[in-house]
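What the coordinates show
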Amino acid sequence: MKMAHKLQHTVQRGSSYYYNRRVPDRVADAFGLKVVRCNLGRDPERVAILSSGLTAKLDEVWSAERVMPLDVGRLVQTREPKPLRRSYLSLSPAHSQGPT
């Protein structure tokens, strides 16, 4: 499945999508990288979530007064979509007995 629109800083090679973004010169030394590159996977929905999350977070980090290095791999993991789970309330004994 191909994406309907092009995501900012995201390129497709074969069936995989990659995040590819140059680090601004003014923060590259403090950030510790000149380019951010990482594999976002093959699922277009997942890629859209990860790409927009990375872009927002990197914009925030790079606009801060004090720029610190960042583990991009870990950042991708924190932006990873969570599988749907039953909520805590549905598992709570107080809510599992039905209406009273």
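Now for a description of the structure that goes with this document.

Let us now look at the overall build of the protein chain. If you tally the helices and strands in the protein chain, you get five helices and three strands. Each helix and strand of the protein chain, ordered N terminal to C terminal, gives the series β-β-α-β-α-α-α-α. Across the 100 residues that make up the protein chain, the buried fraction comes to 30%. When the accessible surface of the protein chain is split by element, carbon and sulfur atoms take 53% of a total near 7,500 Å².

With respect to the helices and strands, G32 occurs in the loop between α1 (25-31) and β3 (35-41). The exposure class of G32 is exposed, given its relative accessible area of 55%. Expressed as a C-alpha distance, the spacing of G32 and M68, which sit 36 residues apart in the sequence, is 8.1 Å.

Tracing the backbone shows R79 in helix α3 (residues 72-79). A C-alpha to C-alpha distance of 6.1 Å links R79 and G53, two positions 26 residues apart in sequence. Those residues within four positions of R79 in sequence are excluded, and the remaining contacts are I49, L50, G53 and K57.

Further remarks concern the sheet that holds strand β1 (residues 10-13). The strand order across the open sheet formed by three strands is β1-β2-β3, and the pairing between neighbours is antiparallel. Each of the sheet's edge strands pairs with one partner strand only, and the pair in question is β1 and β3. Neighbour-to-neighbour, the strand axes of this sheet turn through a mean angle of 30°, independent of strand direction. Taken together, the four bridges between β1 and strand β2 (residues 16-22) define a ladder with antiparallel strand orientation. Of the residues in β2, the one forming a bridge with T10 is Y19.

For the rest of this paragraph, the subject is the packing of aromatic side chains. If you walk through the whole model with that rule in mind, you get one aromatic pair. Centroid distance F31 to W62: 5.5 Å. Interplanar angle 85°. Geometry classified as edge-to-face. Here W62 lies in helix α2 (residues 44-63) and F31 lies in helix α1, a separation of 31 residues in the sequence. Considered together, F31 and W62 belong to a single accessibility category, that of buried residues.

Conventions used here
- Residues numbered from 1 in each chain as written.
- Predicted model: local features only at pLDDT ≥ 70, side-chain atom pairs only at ≥ 80, totals over all residues.
- Heavy atoms only, no water.
- Helix = DSSP H or I, 4+ residues; strand = E, 2+ residues; numbered from the N terminus.
- Buried < 20%, exposed > 50% of the residue type's maximum accessible area, 1.4 Å probe, protein only.
- Areas by Shrake-Rupley, 256 points an atom, 1.4 Å probe, with all protein chains shown as cover.
- Contact = heavy atoms within 4.5 Å.
- Pairing = 2+ DSSP bridges.
- Axes fitted to C-alpha atoms, helices over the stretch in contact; angles between N-to-C directions.
- Phe/Tyr/Trp six-rings, centres within 6.5 Å; stacked < 30°, edge-to-face > 60°.

Read these as geometric descriptors, not functional statements.
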